[in-house]
Structure formats: structure tokens, C-alpha cells
Amino acid sequence: MDKLNLFEYAQKQLDDCAEILKLDSDIHAVLRVPVRELHISLPVRMDDGKIKVFEGFRVQYNDARGPTKGGIRFHPEETVDTVRALAAWMTWKCALLNLPLGGAKGGVICNPKEMSKGELERLCREYATRVWHFVGPERDIPAPDVYTTPQMMAWMMDEYSKIAGRHQFGVITGKPISLGGSAGRGDATARGGLYTIREAAKELGMDLKGATVAVQGYGNAGSFAAILARSLFGCKIVAITDSRGGIYNDYGLDPEAVFEHKTKTGSVVGYPNTTPISNEEILELDVDILIPAAMENVITKNNASKIKAKIVGELANGPTAPEADDILYKNGVHLIPDFLCNAGGVTVSYFEMVQNFYMYYWDEEQVHIRLDKKMTPAYHSVLETSKKYGINMRQAAYVVAVERVVEAMRDRGWV
Ligand code: GLU
């Protein structure tokens, strides 16, 4: 795997866009770097009685369009540059979906898989304590991301509310329903992605009923994507992987049963009547739709020419390296770029904020309808821009998003 700094990816993508838009060099310089970042040490009493000091970050990339928004990742290989890149993508994502929000991201270097529930709770509360003056419902609103859960959001909201001395449901999204979470937030990333895949299939004249699908990654996004692709559209899920390996069956898998197997055993591996498949092999399968829903940087210049899928729906953040984009585009692969395809999560997070402010909650059906009304026009604005300028879908998504951020910066008189 190419080991490139993810923030360099994000900057390179922005540089491409600046060239397409002939962006003023002052504005380009402002957009290339985050506006603010916080680096914190997080001392946590571990179960063995000793204190372990974790390292954490919160990066606010651009807040021209409103308070910043973005998840918190708990990952052993977290770096500040990864968080910067993801904060930049959140900025473009919120602008593309026309949400009145800027972009941010948080991260802690830790391995939640090796920590007890008590240790995780203490780490979450410590994170909230250390960032409390930096975040807030009108400043910066975190959410779940890789290896963070609604329960963790609840602990952070609780800690923040205690410090603030009042109920502050709106400080964080992706909370449990009992604490101001939104109906439909759980599967929102996958559902939003599938709405864009539905539109892409229409564009390509592809019948989704029986279309073959491979899903890399079986966490929140990947598992709901497989389940909904089958239940909403009748797709055939032929391959699924997770961090430990993968499974393949030409006749199709039952994604809900695979999810149960993973819940019991910790992995999709070993699901009955399947042949093993690796995380590299799954990308090169001859399927109609490929959904990378795991980590960044998996489609690179080394394997891009071997991708046979007609549609690649990027549910993960940053799965495709910049040089791979050109190869996919030349080969006619219809790519739905990450900050469009996976924007359903933050869109329903925004709905959650709105409901928290109103103290009035919508039912799941309303959330689905409103999500579709956000995702579908966003997809078409990218598609039209791609056709108009003769550029790939990622470049087109950048053009739409960057123009909106620049407009807000101009209207504020920043540039
Ligand atoms: N972590 C998700 C993302 O990358 C959701 C962020 C949010 O809900 O604020 O879009």
C-alpha cells in the first residue's frame, strides 16, 4: 500500500480544483490549511490502576459557512495530518450538501478494541473536558466516526453538559435516541450512499435488481450498505470483507445473517458456504458495484487499472489515491466520491442538531424523505458539473463545494 500523508492528498485535490476554477491565489492559500487546531493530552486511569496518557486532536478546518462539524476517530494509527485531511473533507462535504456548517474532525490515538468499557468511558469524558472550551452547539459539533459509538457520544454530551451547567444535547450528534439522537441516524451514512448509487445506476442504465455488489469493511457504514442494498433495491451481495479477511459467494450472501455472524465471532470470516477473499482481492472483483467502506488509501495507482466495477461508491473517507482517480476516470468507472457518497451521516447529524434546537423530533420516515431530498440534488449537481467541465466526479464535487465556501468567505469580507 502506498503510504502517503493523507493531508497531502487533500491538498493535492484542492490544488487541482483551484486550477480548474482558476481560483485567486490568496483564496487558495487560505483554503489549503485549517483555521484552528487543538492538541491535547488525555490522562486516563486504566483498570490496572495506572495512568495512561493518550494523545488527541480537534481540527477546525473552515467555518465560513457556520459552526464546524465532524466526527471523532479513535484509532491506533491516528495522526494529526489524517485528522486535518478529514476536517478538510468535512468542509467540502457540508458545503456540497448545502448544510449551514463548516468542517472539523477529532481524533485520539488509542485502540478501543483493547480497552474495557470503563476505560473508554473515562477516555471519552476526558476528551470532552479537554475540548469543552473549543466546541459547543454554536461553535463545533462532534459526532461518531471510526471506532466511536452513540454510547461514547452520550458520555461526552453528559460531561459537557455538567461543565456547562445545563442540558446541551446539541453539542454532539449521533447520540442514542433516549438522549436527543435522531431517528434514522444509525444507517444514515449507508442509506445516503445508496440514494446516490440509485441515481448513478439510473444514469448508467443499470438495473439494480440482481446487480452484484462487493462491500469492503463491515462496520456501521458497510454492514448497513449491504443490508439496505438488498432490502431497498434487490441487489445481490457477493463479497464482504472486514479487517480480518473476507467471504465470497457467487449466489449471494444474506447480509443480515453475516452481520449476526460477525457480532458473535468478531469477524465475517468463517461464515458458512463461502470461499475466503482478501481485502485486496475484493477490490478487483468483476461486480457491478464496489463499495469501499473501510479505511483510506486502498485504491491506488497499483490496483486502479484492475477495478472492474461499473460504479464505485466511496462510503469510506479517502479510499482512493489521487493518481488512481485519473485511471478510474479513463477506464469509465463511475466513481461517487467520498464526500458526496458518505454525506448521509453528517446530513442526518445536521437534522439531529435541528431537532435538538427545536426540541421536537421527527419520525424515521420523515428523516428518510429529507435525507433523499439532500442527497439526490447533491449527486446531480456533481454529475452536471462533471459533464459541463469534462472533469471527473471528485473534481466536480470539489468545484461545487469550494465555490460555495468561497462565496461565504467573500460575503463575510474575509477575502
Ligand atoms: N463521521 C461522519 C463523517 O465523516 C459524520 C460526521 C458528523 O455526523 O458530523 O461524515
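Going along each chain's sequence as written, the residues are numbered from 1 onward. Per-residue local features of the predicted model are confined to residues with pLDDT of at least 70, and side-chain atom pairs are confined, for both listing and counting, to 80 or more; whole-chain, interface and lining totals are unaffected and use all residues. Only hydrogens and water are set aside; all other atoms, that is, all heavy atoms of the structure, feed into the side-chain values.

A.B. asks: Can you break down the packing of aromatic side chains residue by residue, with the values?
C.D. replies: Here a Phe, Tyr or Trp ring, Trp counted by its six-membered ring, pairs with any other such ring whose centre lies within 6.5 Å, and the pair is stacked when the planes are under 30 degrees apart, edge-to-face when over 60, and tilted otherwise. In this structure the tally under the stated criterion is six aromatic pairs. Judged by centre distance (6.0 Å) and plane angle (50°), the ring pair of Tyr350 and Phe351 falls under tilted. Relative accessibility thresholds used throughout: buried, under 20% of the residue-type maximum; exposed, over 50%; partly exposed, between the two (1.4 Å probe, protein chains only). Classification of Phe351 as buried rests on a relative accessible area of 4%. Ring plane angle 55° and centroid distance 5.4 Å describe the contact between Phe351 and Trp362, whose orientation is recorded as tilted. Here the residue Phe351 occupies a position in helix α11 (residues 344-358), and Trp362 occupies one in the loop between α11 and α12 (364-389), the gap between them amounting to eleven residues. Of the two residues, Phe351 and Trp362, both sit in the buried class. Counting from the N terminus, the helices are the DSSP runs of H or I reaching at least four residues and the strands are the DSSP runs of E reaching at least two.

A.B. asks: So what's going on with the site of the ligand? Which residues, and what values?
C.D. replies: Nearness here has a simple test: a residue counts as near a molecule or strand if at least one of its heavy atoms is within 4 Å of that partner. Surveying the vicinity of the ligand reveals 14 residues, the closest of which are Lys69, Lys93, Pro144, Asp145 and Ser349. Note that a nitrogen atom of the ligand is positioned 2.6 Å from one of the side-chain N or O atoms of Asp145. Within the complex, the protein chains bury 94% of what would otherwise be the 290 Å² of accessible surface of the ligand. Contributions of two or more residues to the shell around the ligand are made by α3 (80-96) and α11. Broken down by element, the residue count for the shell around the ligand peaks at three residues, all from α11. Residues are grouped as follows: Ala, Val, Leu, Ile, Met, Phe, Trp, Tyr, Cys and Pro are nonpolar; Asp, Glu, Lys and Arg are charged; every other residue, Gly included, is polar. The class makeup of the residues in the shell around the ligand is four nonpolar, five polar and five charged. Residues adjacent in sequence count toward polar contacts only when both atoms are side-chain atoms; beyond that, a polar contact is any pair of N or O atoms within 3.5 Å, and within protein one must be able to donate a hydrogen and the other to accept it. Here the open area of atoms and residues is found with the Shrake-Rupley method and a 1.4 Å probe, where only the protein chains shown may cover a residue.

A.B. asks: I'd like a description of the pairing of strand β1 (residues 36-45), backed by residues and values.
C.D. replies: Here β1 pairs with strand β2 (residues 51-62) via ten bridges, running antiparallel. Residue pairing across strands places Arg45 opposite Ile51, the latter belonging to β2. A pair of strands is treated as paired once DSSP finds two or more bridges between them. What sits between β1 and β2 in their antiparallel hairpin is a turn of five residues, with Gly49 showing a positive phi close to 95°.

A.B. asks: Describe the sheet that holds strand β13 (residues 334-336), and please don't skip the residues or the numbers.
C.D. replies: With mixed pairing, the seven strands of this open sheet are ordered in space as β10-β9-β8-β7-β11-β12-β13. Lying at the two open borders of the sheet, with one neighbouring strand each, are β10 (275-276) and β13.

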